[in-house]
Amino acid sequence: MKMNSLFLASLLAASTAVAQEKPAEKPPDKPHDMAHMQHSSEHGGFMQGGMHHAMARGVKLEQKMDAAAHTITLREGPVNLPAHTGHMKMPQPADLIWTIPMEGWLLAYTPRLVDSNASEVLGRVLHHVAFWNENRSDFLCPNKEEHIFGAGSEMTNWAQIPGYGYRVQKGDQIRVETMVHNPWDTSYGKVYLEVQIPYVDANAPSAGKMINNVYPAWMDVESCGNSGYDLKPGKNVTTGTVPVKYDGILLGVGGHMHDYAKEIVLENATRKETVATLDATVDEHGQLLSMPVVTFFDKGGYKFAAGDTLKITATYENPTGKLLRDGAMGIVVGYFAPADDAQMASLRHKAAAPHEMAGMTHDH
């Protein structure tokens, strides 16, 4: 399979690298507060079952569909972000549901933050956003929903991969899980998250050109459990494994880690091969700046075989002398192209019952 270099930009959407123009000062440490309402605890999210927050009120998810441009724009908000407020004390949006309005393929995702005047807000106040398809199970961890898009404070785009797309059916339920924070000096009022998503309609004449389905690959040091974990003082090395159940190829990978990260390594334990080593770049305070992308275009992708076991190892160095609750994640993300796409059909299922606090409005 031949791949375009645009793929280089597409794999860091789940990373928490620091936003452009991030201030030089180190944000103040904030104590964790677990005495508030539950946030995203039941559906295989980043912090499944572990985090509780006050809920932000009045946050809605709106959709605008431009049929001529074949683009959907999602807009979530507003949220108010007072200065010097960590993610554990910030009121967080409830999980919201986006109902897929068409039959076809989603091609890319471009996130940005704006205020009520449509002026862009620096991405540093986004802790993360994640889109989960409630109608599909993850192919590596079927106990979790399929994670189709994510972004951290760096607001990295998932660029289009020519000839590939993520297949959706009309009516699919996409759960949008968002977490914000603002450990900086400037307060922000009425901030909105916008995500622009180009698509191909399956009923369009050009739809025949979209012939290859790709599936998001989520490989976590916490295996198929909750993604967040504590960092003890000093060096932390955490390892997990996930089984491969389908033949196919991994097209490339990027990484998702937090501050004080050193590296994350993906190995094929069955073959005793290192698939990729992703070295974190941090600033003088240990704050994460970036994670690299590794692609396998030159050899036609890295081949997975059913029965392989993948090993993920994340290394951190915590210099604070304190235990950092939920201070770490170690996730390798990428795209997987199965050898037999028909086998993936078994991952589709009905969505769970409607979320009590989920909301959605439409503007066509």
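Notes on the structure follow. Quick caveat, the model's predicted, so the values are computed rather than measured.

On to the sheet that holds strand β8 (residues 145-151), then. Strand order in the open sheet formed by four strands is β3-β10-β7-β8, with antiparallel pairing between adjacent strands. The open sheet has two edge strands with one neighbour each: β3 (96-99) and β8. Here the strands of the sheet are splayed against their neighbours by 25 degrees on average, with no regard to which way each runs. Relative to β8, strand β7 (residues 126-137) is paired through six bridges, and the arrangement is antiparallel. Looking at the pairing, V129 lines up with A151 of β8.

With respect to the helices and strands, the residue K311 is situated in strand β23 (residues 309-318). Note: C-alpha distance between K311 and E273 (38 residues apart in sequence) is 9.9 Å. Other than its neighbours up to four places away in sequence, K311 contacts T239, G240, T241, V265, L266, E267 and A269.

Next up on the list: the pattern of salt bridges. Scanning all chains against the criterion turns up 12 salt bridges. With a closest N to O distance of 2.8 Å, R75 and E194 form a salt bridge. Placement of R75 in strand β2 (residues 71-81) and of E194 in strand β11 (residues 188-201) is noted, with a sequence separation of 119 residues between them. When its relative accessible area of 14% is taken as the criterion, E194 is described as buried. E273 is paired through a salt bridge with R271; the nearest N and O atoms lie 3.6 Å apart.

Attention now moves to the pairing of strand β24 (residues 324-328). With four of five residues buried, β24 is to be regarded as a mostly interior element. Summarising the sheet, strand β14 (residues 229-231) and β24 pair through two bridges and their orientation is antiparallel. In the sheet register, Y229 faces β24, and the bridge partner there is A328.

Definitions and cut-offs
- Residues numbered from 1 in each chain as written.
- Predicted model: local features only at pLDDT ≥ 70, side-chain atom pairs only at ≥ 80, totals over all residues.
- Heavy atoms only, no water.
- Pairing = 2+ DSSP bridges.
- Helix = DSSP H or I, 4+ residues; strand = E, 2+ residues; numbered from the N terminus.
- Axes fitted to C-alpha atoms, helices over the stretch in contact; angles between N-to-C directions.
- Contact = heavy atoms within 4.5 Å.
- Salt bridge = Lys/Arg side-chain N within 4 Å of Asp/Glu carboxyl O.
- Buried < 20%, exposed > 50% of the residue type's maximum accessible area, 1.4 Å probe, protein only.

This is a description of form; function is not addressed.
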